[in-house]
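Results of the structural survey
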Amino acid sequence: MTSIRIAEVEKRFGTVRALKGVSLAIEPGELFTLLGPSGCGKTTLLRTVAGFNRQDSGDIFLGDELVNDEPAYRRETGMVFQNYAVFPHMSVFENVAYGLRVRRLGRKDITQRVEAALRRVRLEGYGERTPDKLSGGQQQRVGLARAMAIEPRVLLLDEPLSNLDAKLRVEMRTEIRDIQKQLGITAIYVTHDQEEALVISDRIAVMDGGVIQQVGPPWAIYKDPANLFVAAFVGSMNLIDAEILGEGPSGFLRANAAGCELLVPAPAGHYDLRRIRIAFRPEDATGTGAAPGLANELRATVKTASFLGSAVSLDLELGGRSILVERARPGAGDILEPGSTASFAVPPTSILLFHPETGERVTAVGEEA
Amino acid sequence: MSRRSPLDVWSAVTLAGFACVLMFLIYPLFDVFRYSFIDKTTGALSLSNYTQFFGRKYYINAFIHSMFIAVATTAFSILLGVPLAFLTTRYRIRGSAMLNTLAVLALLSPPFIGAYSWVTMLGRSGFLRQALSSIGLILPPIYGPLGIILADTLQYYPFVTLMTAGALMTTDRSLEEASQNLGARGIRTFLTVTLPLVLPSLTGGALIVFMMSLSNFGTPMIIGGNYLVLPTLAYNLYTSEVAESPGMASTVSILLMVCASGVIALQQWASTRRKYASMLVNRPVQKRLGPVWAGPAHVLCYLIVALSTLPLAVVVYYSFRNTSGPVFKTGYGLASYRSIFFEVPKTVTNSFVYALVAVVLIASVGTLLGFVIARRRRLSVRVLDPLLMVPYMVPGTVLGIGFIVAFNRKPIYLAGTGVIIILTYFIRRLPYSVRSAASILKQIDPALEEAGINLGSPPGRTFRTIALPLMKAGIISGAIMSWVTSMNELSASILLYVGKTMTMPIKIYLSVLDGYFGTASAMSTILLVVTGLALYLVNRWTGKAGATIVGL
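Keep in mind that this is a model prediction, so the values were computed, not measured.

What counts, and where the lines are drawn
- Residues numbered from 1 in each chain as written.
- Chains lettered and ligands numbered in written order.
- Predicted model: local features only at pLDDT ≥ 70, side-chain atom pairs only at ≥ 80, totals over all residues.
- Helix = DSSP H or I, 4+ residues; strand = E, 2+ residues; numbered from the N terminus.
- Rg over C-alpha atoms; globule rule 2.2 N^0.38 Å.
- Buried ≥ 20, exposed ≤ 12 C-beta atoms within 10 Å, placed from the backbone.
- Contact = placed C-beta atoms within 7 Å.
- Pairing = 2+ DSSP bridges.
- Axes fitted to C-alpha atoms, helices over the stretch in contact; angles between N-to-C directions.
- Core = buried A, V, L, I, M, F, W, Y, C linked by C-beta atoms within 7 Å.
- Domains from an automatic or database assignment.
- pLDDT = per-residue confidence, 0-100.
- Parallel < 35°, antiparallel > 145°, perpendicular 65-115°, else oblique.
- Left-handed = near helix turned anticlockwise from the far one by under 90°.
- Nonpolar A, V, L, I, M, F, W, Y, C, P; charged D, E, K, R; others polar.

This next bit is on the overall build of chain B. A count of helices and strands for chain B gives 23 helices and four strands. Whereas a compact globule of 552 residues would reach a radius of gyration of roughly 24 Å, chain B reaches 25 Å, a difference of no more than 12%. Structurally, chain B occupies a C-alpha span of about 80 × 70 × 50 Å along its principal axes. Buried residues in chain B amount to 48% of all 552 residues. Excluding contacts between residues fewer than 6 apart, the proportion of contacts in chain B whose partners are at least 24 apart in sequence is 81%.

The structure is reproduced here in structure tokens:
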């Protein structure tokens with residue numbers, strides 16, 4: 001098992017700074033995800049680890065070895081590509097054997113290892129097929145088997161599921177995690193799909209603009225976002241500008257949010273601004289409905305009500321901002337007419353605070369730990 | 001510990017590419033350029049050649065003639081090419097595959113065969129002209145501008161057909177349907193939707209015709225009579241100037257190149273200007289023509305193709321006629337072929353050997369340079385790329401003059417060898433090979449090569465085991481096309497050959513001049529068969545192997 005250490009890595013393409021001094025320490029055996037929108041630098045970082053890009057400065061270590069000057073073909077990283085990159089002129093067997101032949105293994109060894117790898121991805125008996133006879137999911141399994149067959153130090157997965165259909169994506173992401181855990185191999189997984197990242201990862205690094213925004217386990221990334229970018233990118237987050245009115249009960253402040261008076265957590269330590277941005281997740285809204293009279297209540301105009309089967313999603317307008325709230329197990333009366341007024345409550349403890357200008361998280365009393 | 005070598009395989013390839021271009025292109029062309037500024041009598045640097053060119057009607061006329069021929073040929077090619085493309089792609093025309101093959105065969109046939117065949121039909125003692133005059137229809141002999149335009153048009157119009165048909169087959173049917181749905185009738189839809197959509201491709205094809213016609217040497221030489229165009233003028237000047245510096249010939253060459261590069265620039269501009277990338281959701285379907293229009297449509301298509309195939313058929317026919325020297329006798333036989341194999345077997349083997357050696361060079365160097373251009377966009381490669389395209393705009397005659405001047409003195413003597421002819425084939429065809437290799441690679445996902453590298457295979461091995469096998473079909477069909485064009489090359493080699501390095505096109509040309517039509521016909525037929533065979537092989541290769549590339 002190999003750790004990966006990325007230290008102050010900078011990469012420029014022309015005038016564009018794709019990576020702005022990125023540092024990460026990935027534990028042995030960990031499934032580590034780089035999550036972010038396209039152009040955030042996640043793929044660039046992965047390709048730099050693989051050796052396809054040479055960083056302008058900074059170091060990359062695989063285990064204890066500094067690999068900056070190792071060409072890509074000597075790095076012993078197993079990469080799985082977004083568009084499979086299965087060699088179309090070779091059979092499945094030859095694809096998986098390719099890296100083993102490069103390493104001049106004996107014929108017997110090769111057969112054994114190829115078969116083991118194919119078994120692991122549930123493609124026994126597919127060896128003689130040509131890639132054009134395989135479905136997308138099967139091709140990606142070949143890609144995975146091929147990368148694992150060389151027993152690489154680390155596994156690098158570059159959006160491996162994004163070309164598959166939704167059902168297969170869900171199926172294969174657990175499969176990939178299972179295989180990775182069985183082998184105990186360190187893996188970097190790149191994706192722009194936040195749900196995929198939450199499901200599959202031991203830890204996630206959220207990236208934007210060539211900078212790591214936050215590193216943490218899925219739970220922390222979702223529940224405890226470090227800034228507005230992470231908050232909005234992972235899941236959906238409602239944002240309301242609020243004006244602090246004064247002290248509330250212990251640990252809380254009274255605030256005016258778009259004309260409604262709310263209790264919000266009091267910022268820990270010294271906070272001298274009058275304004276603050278409050279945030280909450282759609283599923284944290286409670287008591288959604290037409291009837292007013294709740295504690296910590298917000299009232300907003302309904303723009304659209306979308307019936308999703310298991311829930312109703314209400315798109316509301318509040319003080320010029322769009323607000324999304326969800327009501328699980330809806331009744332017929334919960335699908336409100338556009339233009340009507342909806343009331344809902346937000347428990348003060350599920351409200352997060354952000355700095356109105358920098359977008360950084362403002363820690364609340366009780367959150368310091 | 002750095003294990004990266006500063007000079008990898010691909011840097012070496014780039015370097016070799018520069019060496020090739022400098023040595024066999026820039027060096028000879030610079031000589032042509034230099035000589036065009038040297039006064040013939042004083043040997044001093046001067047503009048006298050240019051002032052002389054623009055001061056004498058004889059020279060100016062050649063320029064005007066060239067332009068006239070090129071414009072007329074282009075116009076007629078559009079006139080023939082567009083209807084053929086439209087009818088065969090949009091309507092069901094019986095035997096359209098055969099029509100297509102025959103048109104392409106005419107396109108690829110040696111450029112002077114058409115001209116020479118029209119001479120046998122409509123020349124001074126042409127059989128067709130005599131037959132027509134016996135029924136009272138007296139035509140003037142075909143020599144001169146009309147002959148050149150006729151022969152050029154019937155050879156080059158397929159460029160327009162192919163390019164336009166290609167675009168017509170990839171325009172989404174829904175666009176025309178939308179137009180009709182909005183109330184535009186058939187002809188209006190064609191003029192306002194279909195035609196504008198295919199116009200970029202049509203223009204591209206037309207400019208190729210213009211270029212080919214402008215730099216064609218064989219046709220005006222054989223059928224032009226006294227009507228001089230720039231390539232034939234340069235040739236005449238060169239062959240009469242040979243003892244001294246090729247001053248005036250160089251000047252004409254430079255002017256010809258300026259015109260040619262103007263056309264290329266126009267073509268580049270046209271091809272980038274408006275490209276309608278189409279999603280091609282709905283492929284166009286071939287409609288069945290109504291009973292009224294089916295007849296005329298078929299007649300038109302067959303007439304166009306028949307006209308362009310006629311010269312080829314005549315040549316084949318004459319190759320089996322018995323001859324006695326320049327005179328055709330009654331009866332048929334293989335005498336003409338026999339005489340080739342007994343009298344000039346070296347000519348035949350020269351053609352095959354030179355073209356084969358050239359093709360090995362073209363395919364290997366072209367593939368490697370194509371790889372560098374498609375995959376390694378470094379500064380040096382970005383400089384090399386446009387340089388490699390220069391041979392596109394160098395007419396054969398110009399390159400021939402450059403070679404004979406540059407390689408007939410220290411440090412490189414190549415005059416009179418087969419090597420110099422092979423090198424002209426090589427350099428003239430190299431841009432096509434580089435372009436085609438690069439465009440094949442653009443269809444191959446670079447991730448495949450990265451996967452190879454990632455699995456531990458060094459760059460050279462990755463190229464050999466992954467890129468090369470995927471490019472194979474394209475490289476082979478490209479090589480076959482290069483071989484055909486090299487076999488049929490005349491305009492540069494005519495300036496460079498000596499007795500022992502004569503090739504078939506040169507021999508055909510000389511036989512035509514001497515009136516030995518039998519020998520010329522037989523040799524032309526051999527070239528035609530070779531061309532047709534190559535065409536068939538390419539069709540088979542790309543048909544079969546194309547799927548592996550597309551099916552990625």
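From this point, the discussion proceeds with the structure in view.
Helix and strand content of chain A: eight helices and 20 strands. For chain A, restricting intrachain contacts to residue pairs at least 6 apart in sequence, the fraction spanning at least 24 positions comes to 66%.

A common way to report how large an interface is uses the accessible area buried once the components associate. Residue-level contacts link 22 residues of chain B with 21 residues of chain A. Of all the elements in the fold, those that place two or more residues in the side of chain B that touches chain A are helix H19 (446–454) and helix H20 (459–487) of chain B. When residues of the side of chain B that touches chain A are assigned to their parent elements, the largest contribution, seven residues, is made by H19(B).

With that settled, consider the pairing of strand S18 (residues 321–328) of chain A. Residue and element names in this part refer to chain A. Examined bridge by bridge, strand S17 (residues 311–318) and S18 share eight bridges and lie antiparallel to one another. In the sheet register, glutamate 317 faces S18, and the bridge partner there is serine 322. If you look at the hairpin formed by S17 and S18, you'll find two residues sitting between the two strands, and glycine 319 has a positive phi there, around 55°.

On to the sheet that holds strand S9 (residues 203–208) of chain A. Residues and elements named next belong to chain A. Read across the open sheet, the six strands follow the order S6-S7-S8-S3-S9-S10; overall the sheet is mixed. Two strands in the sheet have a free side with no partner beyond their single neighbour: strand S6 (77–80) and strand S10 (211–216). Pairwise comparison of adjacent strand axes, ignoring direction, gives a mean angle of 20° for this sheet. Sheet analysis places strand S3 (residues 31–35) next to S9, joined by four bridges and oriented parallel. Within S9, the residue paired with phenylalanine 32 across the bridge is arginine 203.

With that settled, the discussion passes to the sheet that holds strand S11 (residues 238–247) of chain A. All names here are of chain A. Pairing in this open sheet of five strands is antiparallel, and the strands run S13-S12-S11-S14-S20 from one edge to the other. The open sheet has two edge strands, strand S13 (260–265) and strand S20 (352–354), and neither has a second partner. Ignoring which end each strand starts from, the neighbouring axes of this sheet average 45° apart. Note that S11 and strand S12 (residues 252–257) share five bridges and pair antiparallel. Each residue of the ladder has a partner; that of glutamate 243, found in S12, is asparagine 256.

On to the nonpolar core, then. Counting residues in hydrophobic clusters, the biggest one holds 262 residues, and the most contacted among them are A:Ala145, A:Ile188 and B:Ala234. Ranked by residue count, the leading element in this core is helix H7 (residues 145–169) of chain B, at 14 residues. In this view, A:Ala145 contacts A:Val96, A:Ala117, A:Leu118, A:Arg120, A:Val121 and A:Leu123; residues no more than four positions away in its chain are not counted.

By domain assignment, chain A separates into domain 1 (4–233) and domain 2 (238–354). Centre-to-centre, using C-alpha coordinates, domain 1 of chain A lies 39 Å away from domain 2 of chain A.

Residues and elements named next belong to chain A. Relative to the helices and strands, asparagine 53 resides in the loop between helix H1 (42–50) and strand S4 (57–62). Classification of asparagine 53 as partly exposed rests on a count of 19 C-beta atoms within 10 Å. The sequence separation of asparagine 53 and alanine 328 amounts to 275 residues, and the corresponding C-alpha distance is 47 Å. The contacts of asparagine 53, once residues within four sequence positions are left out, are Lys11, Thr44, Arg47 and Thr48.

Residues and elements named next belong to chain B. Per the domain assignment, the segments of chain B are domain 1 (13–32 + 320–552) and domain 2 (65–227 + 287–311). Summarising the inter-unit geometry, the C-alpha centres of domain 1 and domain 2 are found 26 Å apart. Those elements that place two or more of their residues in the side of domain 1 that touches domain 2 are helix H17 (396–406), helix H22 (504–514) and helix H23 (517–550). Here the side of domain 1 that touches domain 2 takes eight residues from H23, the largest share from any one element.

Bringing the confidence of the model for chain B into the picture now. All names here are of chain B. Of all residues in chain B, 93% have pLDDT values of 70 or greater, and the mean over the chain is 84. Mean pLDDT across the elements of chain B ranges from a minimum in H23, with 71, to a maximum in H19, with 94. A low-confidence stretch, residues 1–6 stays under pLDDT 50, and its non-local contacts, those more than four residues away or across chains, total five contacts. Interface scoring of the predicted complex returns ipTM 0.83; its pTM is 0.80.

Bringing the pairing of strand S2 (residues 16–26) of chain A into the picture now. As defined by bridge partners, strand S1 (residues 4–13) of chain A adjoins S2(A) across seven bridges and the pair is classed as antiparallel. For A:Arg12, the partnering residue across the bridge sits in S2(A) and is A:Arg17.

The phi angle at A:Arg122 is positive, at roughly 60°, despite the residue not being glycine. Note that A:Arg122 resides in the loop between helix H3 (107–120) and helix H4 (136–149).

It is worth spelling out the environment of B:Gly515 at this point. Relative to the elements of secondary structure, B:Gly515 occurs in the loop between H22 and H23. With 37 residues separating them along the chain, B:Gly515 and B:Gly478 place their C-alpha atoms 36 Å apart.

A word on the packing of helix H2 (residues 92–102) of chain A against H3(A). Residues and elements named next belong to chain A. The interhelical angle for the contact between H2 and H3, taken along N-to-C directions, is 125°, at an axis separation of 9 Å. When the axis of H2 is compared with that of H3, the two are oblique. H2 and H3 meet at a crossing whose hand is right-handed. In this structure, H2 contributes Phe93, Val96, Ala97, Leu100 and Arg101 to the contact, and H3 contributes Ile110, Arg113, Val114, Ala117 and Leu118.

Turning to the packing of helix H5 (residues 111–122) of chain B against helix H13 (residues 291–319) of chain B, a few remarks are in order. Residue and element names in this part refer to chain B. Axis separation between H5 and H13 bottoms out at 8 Å; the angle between their running directions is 70°. As far as their axial angle goes, H13 and H5 are roughly perpendicular. Side by side, H5 and H13 meet where Ile113, Gly114, Ser117, Trp118, Thr120 and Met121 of the first sit next to Pro311, Leu312, Val314, Val315 and Tyr318 of the second. Among the residues forming the contact of H5 with H13, the class breakdown is eight nonpolar, three polar and no charged.

Turning our attention to the environment of B:Leu468. Residues and elements named next belong to chain B. Mapped onto the secondary structure, leucine 468 falls in helix H20. For leucine 468, a count of 14 C-beta atoms within 10 Å puts it in the partly exposed group. In the structure, leucine 468 is positioned 97 residues away from phenylalanine 371 in sequence and 9.7 Å away in space, judged by C-alpha atoms.

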